[in-house]
Amino acid sequence: MTRPPTRTGSAGAVYFSLLGPLTARLDGRELPLGPRKQRLVLATLLARPNTPVPVDVLTDAVWPDDPPRTARKNLQVYVSAARALLGPAGDDGRDRVAHGCGGYLLRIGEGELDTLRFGSLTRAGRAEAGRGDLRAAARLLREALDLWEGPPLNDLRDSAGVAEEADRLEARCLTVYEDWAETEIELGRAAVAVDGLRDLVERHPLRERLRAAWMNSLHQSGRQAEALAVYDDYRQLMARELGLEPSPAMTALYRSMLGRGREARRPAAAREAVSAVALPACTGAFTGRRDELRGLLDVLGGGEDRVVVVSGPAGAGKSALAVRAAHLLADRFPDGRVQVRVRRGDGTARGRAEVLAELGRLCGVMGAGVAAPEGGRGDVSAATEALADAWQEWLARHRALVVLDDVPDEASVRGLLPRSGQCSVLVTARGQLAGLAPVHRIALPALADGEALELLGKLIGAGRLRTDPGAALRIVRACGALPLAVEVSGMRLAVLRHLPLAEYAARLEDPSAALDELVAGDISVRHRIASGWQDLADGDRWVLGRLAGLAEDGGFTLDRATAALGCGERAAIRAVESLIDAGAVTSPAGEVTAHAALYEVPRLLGLYARERVAPARTGVPEAPAHTGVPVAPAQSDVPVASAGTSRVPVTPAGTSRVPVTPAGTSGVPVASAGTSGVPVTPACASGLPVTPAGASRVPVAPDRPGAPTGTGVAAAPAHTGAAAVTAVAAGPVSPG
């Protein structure tokens, strides 16, 4: 890449450069940026322009191993020196570096930072290419590449945080160079790209897109033997280093060169116009997730990773994040952006043929509209494989973004991921999908308090939020900072304008009422959580029910989990990690030993788990020999009320396995005659609470609609959905 002339901003403006050594110029004069640690702080802020950078990120960049106790005060000194050096931002005299609740923010315009200018030129060039104006596209992309003065931040790469940002910038540069080279080849001007491509291939020998562009440029320049040799070298390198063969697209390019001589491309040939867009509209309530969104845009917009998995529990906002990223990446994927759900409305997985057919229809894949044959299973399988081959061929020839939403497991998407070409796939899933590799992974934690309050304020109004900020904070924390729950709370409060925030907060803080409160129209948090619950194996459900009780006071350790599950340490580790893989338990983001880790169950999932598992607990089941984890009670013993009745699990009258303590007895549960006959474990051995006489609230359903009061069953009013309750001994009947 050529070295550009020195660039400066307008008179009186500072011009920063990261695309090479870190520099700052004022009116053409290079500014001294101070000692190394101050330069590290400035580089980290510039790498995230106009975005708050947390103090922890700055600390890790400056002191990656052992920060001193005075680290925060030292950072304040470095930031103060940067303010004095750089002066105010803009004409209004605002501080160039501002401090807020999210960290430090460096205010900077597009004309003041080379990375912002680089991004703007890149987007403009790709837009021109999408419209078919390849000459303009090549000019803009070349202008973007000319901003580079060498490896980015090469003087500060000994800091791991800065080195990571520099690698991300370099990956973006490589992608833009590939775009520019392919555009020049299409214009018939391959000779201008040959030498640069050769240098980059030497530095990145396994980057296939660079190799393909180099082969094409050599071939179009009349150097066919060299082009074929490039492929042969690549094939041997892949076999030696990875034990793999080149992709089908690369092999097809090689074979096409074997069968023809030099071909001149028509100048300014317009690309095939294919631009399928099938995305939901962006929601105006989208809030937070700045770091995750930025990571998505960087990876999909410029990195080598073609598959990204976004994971998190039901209601974490995975789909909203994916859709927002897909809308923002329009210029990166000119051949289309589509979203397809991999589950049906009832939560069951769709078949591979069904998903392939929808993808084919949306993207215009040949043969996608052909009906499946009516023959035997072999004919259907052959038709599915033919459609899968057509899908892979389409992926290899286009640059599109495919969002596969709500994926239940790895097998549902393996055949849909690109094997070659420039398409990218964004997968959202509740579980980790550990069997997919290699992929880039982004896990969505709960929202920070500030982000959750911002989301609530967008729905109920900032003025109402300010009337009682303490109650608003209680609401979002009672929602577990789960975006769906906060959004439902906001929609509910927007309708119930008379309801004080403090009163609604008290309702949500009540464990027995929280899930019933989180309903707005046809949107139910309970329904979403129930769908995730069904994804769990029976044993995982039982384990989650036991661990959910431990998480009420802020999390649990491995020792507490071992005691609660009544099993060995290794079995407890396997059980907890199985739930982490399923997305039902969260673990620390950094490396920490299993004994030192603090695990958490999301609050609302914990409430649902205890609600489902509690009625089935009659003692401690024996653990199977091969795992050491207690067996979960059969789910059939926990029937759920039908539509329109209470959502609380109820047990049919006469078959309850939950022992009721008669008045005047010792308090140890004993199975009464006529019940299931399951041996009952005393409360002191089982770890289950003993029910005081006369205070039982065991929900049961009446034997038949409209049962007389003489049966001991109170009929709940139809409009309340409350479960009827069996009277204890001869006590009065209490409504549920």
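Remember, predicted model here, so these are calculated numbers, not experimental data.

Chemist: Which residues make up the packing of helix H1 (residues 36-47) against helix H2 (residues 55-62), and what values do they have?
Modeler: Running from N to C, H1 and H2 point in directions that differ by 135°, and their axes come no closer than 9 Å. It follows from the interaxial angle that H1 and H2 lie oblique. H2 is crossed by H1, and the crossing has right-handed handedness. Here H1 contributes Lys37, Leu40, Val41, Thr44 and Leu45 to the contact with H2, which in turn contributes Val57, Leu58, Ala61 and Val62.

Chemist: So what's going on with the confidence of the model for the protein? Which residues, and what values?
Modeler: Low pLDDT marks stretches whose predicted atomic positions should not be read closely. Looking at the protein, pLDDT values average 77 and 75% of them are 70 or higher. When pLDDT is averaged over each helix and strand of the protein, the minimum, 36, is found for helix H26 (residues 683-686) and the maximum, 95, for helix H19 (residues 501-509). Per-residue pLDDT stays below 50 along residues 1-11; that stretch engages in 26 contacts with residues further than four places along the chain or on separate chains.

Chemist: Any details on the sheet that holds strand S2 (residues 23-26)? Residues and values, ideally.
Modeler: Pairing within the open sheet is antiparallel, and its three strands lie in the order S1-S2-S3. Either end of the sheet is taken by a strand with one partner, and the two such strands are strand S1 (14-17) and strand S3 (29-30). Two elements, S2 and S3, share two bridges in a ladder whose sense is antiparallel. Directly across from Leu26, in S3, lies its bridge partner Arg29.

Chemist: Talk me through unusual backbone geometry; I want residue IDs and the actual numbers.
Modeler: Although it is not a glycine, Leu153 sits at a positive phi angle of roughly 50°. As for its placement among the helices and strands, Leu153 is situated in the loop between helix H5 (134-145) and helix H6 (160-186). Unlike most non-glycine residues, Asp406 shows phi in positive territory, near 60°. Mapping Asp406 onto the fold places it in the loop between strand S9 (401-405) and strand S10 (424-429).

Chemist: Can you explain the pairing of S2? Please cite residues and give values.
Modeler: With four bridges joining them, S1 and S2 adopt antiparallel strand pairing. The residue of S2 that forms the bridge with Ser17 is Thr23. Linking S1 to S2, which pair antiparallel, is a turn of five residues; within it Gly20 sits at a positive phi near 145°. Count of turn residues in the S2/S3 antiparallel hairpin: two residues, of which Asp27 carries a positive phi of about 55°.

Chemist: Give a detailed account of the packing of aromatic side chains, specifying residues and quantitative values.
Modeler: One pass over the structure, following the stated rule, counts six aromatic pairs. Between Tyr231 and Tyr254 the ring centres are 4.1 Å apart and the planes differ by 15°, which places this aromatic pair in the stacked class. Of this pair, Tyr231 sits in helix H9 (residues 224-241) while Tyr254 is found in helix H10 (residues 248-258), placing the two residues 23 residues apart along the sequence. By relative accessible area, Tyr254 is classed as partly exposed at 22%.

Chemist: So what about the environment of Leu187? Which residues, and what values?
Modeler: As for its placement among the helices and strands, Leu187 is situated in the loop between H6 and helix H7 (191-203). Residue class for Leu187 comes out buried when judged on its relative accessible area of 4%. Along the primary structure Leu187 and Arg135 are separated by 52 residues, whereas in three dimensions their C-alpha atoms are 7.5 Å apart.

Chemist: Residue-level account of the packing of H7 against helix H8 (residues 208-220), with values.
Modeler: Here H7 crosses H8 at 150°, and the two axes come no closer than 9 Å. For H7 against H8, the interelement crossing comes out left-handed. Of the residues in H8, those touching H7 at Val194, Leu197, Arg198, Leu200 and Val201 are Leu210, Arg211, Ala213, Trp214, Ser217 and Leu218. Of the residues that constitute the contact of H7 with H8, the class distribution is eight nonpolar, one polar and two charged.

Rules used throughout
Chains are numbered independently. Their residues run from 1 in the order of the written sequence. Only residues with pLDDT of 70 or above have their local features reported here, since the model is predicted, and side-chain atom pairs are shown and tallied only from 80 upward, although totals for entire chains, interfaces and linings are computed over all residues. Side-chain calculation: all heavy atoms of the structure are included, whereas hydrogens and water are not. In this analysis, axes come from line fits to C-alpha atoms, helices being fitted only over the stretch in contact, and the angle between any two N-to-C directions falls in the range 0 to 180 degrees. Only DSSP runs of H or I covering at least 4 residues are called helices, and only runs of E covering at least 2 are called strands; the numbering of each starts at the N terminus. Each angle receives one of four descriptions, namely roughly parallel if under 35 degrees, roughly antiparallel if over 145, roughly perpendicular if within 65 to 115, and oblique otherwise. By the definition used in this description, the sense in which the near helix is turned from the far one sets the handedness, with an anticlockwise turn below a right angle giving left-handed and a clockwise turn giving right-handed. Whether two residues are in contact is decided by their heavy atoms: any pair within 4.5 Å suffices. Along the chain, pLDDT gives the predictor's confidence residue by residue, from 0 to 100. DSSP calls a pair of strands paired once it identifies at least 2 bridges connecting them. Only the six-membered ring of Trp is used, alongside the rings of Phe and Tyr, when aromatic pairs are assigned; centres must lie within 6.5 Å, and planes under 30 degrees apart are stacked while those over 60 apart are edge-to-face, with the rest tilted. When a residue's accessible area, from a 1.4 Å probe over protein chains only, is under 20% of the maximum for its type it is buried; when over 50% it is exposed; and in between it is partly exposed. The residue classification treats Ala, Val, Leu, Ile, Met, Phe, Trp, Tyr, Cys and Pro as nonpolar and Asp, Glu, Lys and Arg as charged. All others, Gly included, are polar.

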